[in-house]
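Breakdown of the fold
Residues per chain, in single letters:
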Amino acid sequence: MSEIIAKAVDVEVIYGNHAALNKINMQVKKGDIYALVGKNGAGKTTLLRLFTGQNAPDYGHIEMFGKTGAHALNNARKRIGAIIETPAFYPFFSAVQNLEYYRIQRNIEDKSVIERVLKDTGLYEARNKKFKNYSLGMKQRLGIALCLMHDPEFLVLDEPINGLDPAGIVEMRKLMLKLNREKGLTIIISSHILSELANMATCYGFIDNGVILKELTSSELDNIEKNYIKMSTNDNSSVALAIAANVNSSAYVEDDGKYIIIPDIDSSPSEVLSRFVIESGYELYSLEIVKSTLEDYFISLLGGATIE
Ligand code: ADP
């Protein structure tokens with residue numbers, strides 16, 4: 001069984017009469033990239049702050065590297081690197097100068113850490129550029145470089161992708177995978193946009209209103225994320241019934257009869273369906289293969305709520 005890096009056991013955090021976290025039980029295993037996904041205000045930051053020690057639970061407890069209790073947790077937390085709030089960098093300092101400032105402040109003797117973390121985060125070429133001239137993606141990566149300086153085993157990252165453009169998202173995804181696969185780092189990363197964490201996370205925890213609604217591995221999520229066929233004909237109800245009886249039992253009409261939906265695309269490809277409709281004497285108006293996105297799943301999980 002793989003080692004548990006971080007664990008929340010029956011955790012509650014109460015603000016006034018509001019439970020920001022309500023009986024949370026979850027764990028991050030060694031080697032995971034755990035995606036914590038939920039709308040703004042769902043409780044993501046509050047949960048991550050329990051792991052970093054910036055908050056303490058009102059009920060329940062936290063375990064880090066198998067340790068619990070204030071003293072042992074404090075020691076275990078030396079093995080964590082975290083970005084909960086954006087770290088403060090000097091705008092007129094270069095990346096090297098900013099990291100050097102933190103190296104001295106944190107009493108890290110080995111000067112070579114700066115070169116190492118700049119290389120690891122893909123910023124080495126731009127090391128002498130002033131921070132103020134960095135793109136948002138580069139600024140975020142410099143924040144990660146900073147939390148890699150003491151060689152942590154576990155990264156806790158709160159919304160590091162928020163606001164990045166598509167190229168920045170791709171860079172961040174590559175960086176997470178590199179740190180995870182090549183450096184063996186375990187990572188928990190939060191976002192309010194599920195698709196940002198796609199192709200990166202090994203497992204997902206969906207949080208809403210202080211409750212983990214569901215946890216899934218990435219392969220479980222891949223099975224949910226399936227394409228479906230949406231078509232329209234001159235008589236949708238009859239065609240849906242005919243398809244259900246003869247081709248694919250899961251066909252049904254949707255949207256007040258405007259469309260026929262066939263969720264199971266593998267067992268009835270589009271050419272089979274279109275031939276069946278025409279050979280049965282109906283007119284086929286449209287047929288499209290619709291990709292069901294991660295976002296659709298997220299919205300369905302939250303009962304139709306929109307994100308943001
Ligand atoms: P997320 O990170 O998912 O956006 P948060 O963990 O920041 O959510 O917040 C969860 C809930 O706790 C929200 O309702 C928020 O308003 C509340 N909350 C967070 N921090 C505080 C605080 N210091 N005082 C009072 N309420 C708070």
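The rules we used
Going along each chain's sequence as written, the residues are numbered from 1 onward. Predicted model: local features are reported for residues with pLDDT of at least 70 only, side-chain atom pairs are reported and counted for 80 or more only, and whole-chain, interface and lining totals are derived from all residues. Each side-chain value is derived from all of the structure's non-hydrogen atoms; neither hydrogens nor water enter the calculation. Here a residue is considered near a molecule or strand provided that any single heavy atom belonging to it is located within 4 Å of it. The definition of a polar contact used here is a pair of N or O atoms within 3.5 Å, where within protein one atom must be able to donate a hydrogen and the other to accept one, and adjacent residues in sequence count solely through side-chain atom pairs. Reported accessibility uses the Shrake-Rupley method at a 1.4 Å probe radius. Residues are deemed covered only where the shown protein chains occlude them. A run of DSSP states H or I qualifies as a helix once it reaches four residues; a run of E qualifies as a strand once it reaches two. Both are numbered from the N-terminal end. Counting rule for disulfides: a pair of cysteine sulfur atoms within 2.5 Å. Think of it in three bands: with a 1.4 Å probe and only protein chains considered, a residue is buried below 20% of the maximum accessible area for its type, exposed above 50%, and partly exposed in between. The quantity known as pLDDT measures the predictor's confidence residue by residue, on a range of 0 to 100. Whether two residues touch is decided by their heavy atoms; if any such pair falls within 4.5 Å, the residues are in contact. We treat two strands as partners when DSSP finds at least two bridges between them. Note on method: axes are straight lines fitted to C-alpha atoms, helices fitted across the in-contact stretch only, with angles between N-to-C directions ranging 0 to 180 degrees. Salt bridge, as used here, is a side-chain nitrogen of Lys or Arg placed within 4 Å of a carboxyl oxygen of Asp or Glu.

**Observations concerning the site of the ligand**
- Every residue near the ligand is listed here: Tyr15, His18, Ala20, Lys39, Asn40, Gly41, Ala42, Gly43, Lys44, Thr45 and Thr46.
- The backbone of glycine 43 places a nitrogen or oxygen atom 2.9 Å from an oxygen atom of the ligand.
- Relative to its free-state accessible area of 570 Å², the ligand is covered by the protein chains to the extent of 58%.
- Of all the secondary-structure elements, those providing two or more residues to the shell around the ligand are β2 (18-29) and α1 (44-52).
- Looking at the shell around the ligand element by element, the count peaks at three residues for α1.

**Some points on the state of the cysteines**
- Within the structure shown, the criterion is met by zero disulfides.
- Unpaired in terms of disulfides, cysteine 147 finds its nearest cysteine sulfur in cysteine 203, a separation of 19 Å.
- Judged by relative accessible area, cysteine 147 falls into the buried class, the value being 5%.

**With respect to the confidence of the model for the protein chain**
- Residues with a pLDDT of 70 or more make up 96% of the protein chain, whose mean pLDDT is 90.
- Looking across the protein chain, the model is least confident in helix α10 (residues 294-301), with a mean pLDDT of 71, and most confident in strand β1 (residues 4-15), with 97.
- In the predicted structure, residues 304-308 sits below a pLDDT of 50 and forms 12 contacts with residues beyond four places in sequence or in another chain.

**Overview of the side chain of serine 274**
- Assignment of secondary structure puts serine 274 in helix α9 (residues 270-279).
- The class of serine 274 is buried, set by a relative accessible area of 19%.
- Other than its neighbours up to four places away in sequence, serine 274 contacts Leu284 and Leu287.

**Things to note about unusual backbone geometry**
- The phi torsion at aspartate 10 lies on the positive side, around 50 degrees, for a residue other than glycine.
- The topology assignment puts aspartate 10 in strand β1.
- Of note, the phi angle at asparagine 199 is positive, near 60 degrees, even though the residue is not glycine.
- Secondary-structure assignment places asparagine 199 in the loop between β7 (186-191) and β8 (203-208).

**A short note on the sheet that holds strand β13 (residues 284-291)**
- Taking strand neighbours across the sheet as the criterion, the four strands line up as β11-β12-β10-β13 in an open arrangement whose pairing is antiparallel. Of all the strands in the sheet, just β11 (252-254) and β13 have a single pairing partner and so form its edges. Taken pair by pair, the neighbouring strands of this sheet meet at an average axis angle of 30 degrees, ignoring direction.
- Here helix α8 (residues 236-246) sits on the sheet and contacts β10 (227-233), β11 and β12 (259-262); the angle it forms with β10, its principal contact strand, is near 135 degrees.
- Sheet contacts for α9: β10, β12 and β13; angle to β13, the most-contacted strand, approximately 160 degrees.

**Remarks on the pattern of salt bridges**
- This structure, assessed with the given rule, holds 11 salt bridges.
- Across the pair arginine 79 and glutamate 153 runs a salt bridge whose closest N-O atoms are separated by 2.8 Å. Linking arginine 79 in the loop between α2 (70-76) and β5 (80-83) with glutamate 153 in the loop between α5 (136-148) and β6 (154-158), this pair joins segments that are 74 residues apart in sequence.
- The partly exposed category is assigned to arginine 79, whose relative accessible area is 31%.
- Between aspartate 151 and arginine 116 there is a salt bridge, with its nearest N and O atoms 3.8 Å apart. With aspartate 151 in the loop between α5 and β6 and arginine 116 in helix α4 (residues 113-120), this residue pair connects regions lying 35 residues apart in the sequence.

**Examining the environment of glycine 210**
- Here glycine 210 lies in the loop between β8 and β9 (211-217).
- Looking at glycine 210, the relative accessible area reads 0%, which means it is buried.
- Taking the C-alpha atoms as reference points, glycine 210 and isoleucine 24, 186 residues apart in sequence, are found 7.6 Å from one another.
- What glycine 210 contacts, discounting residues up to four positions off in sequence, is Ala20, Leu21, Asn22, Ile24 and Ala42.

**Some thoughts on the pairing of β12**
- In this sheet, β12 lies alongside β10 in antiparallel orientation, the contact comprising three bridges. Across the sheet, the residue bridging to methionine 231 is isoleucine 260, located in β12.
- Bridge count for β11 against β12 is three bridges, and the pairing is antiparallel. Across the sheet, residue tyrosine 252 finds its bridge partner in β12, namely isoleucine 261.
- Connecting β11 to the next strand, β12, in antiparallel fashion are four residues, including aspartate 255 with a positive phi near 60 degrees.

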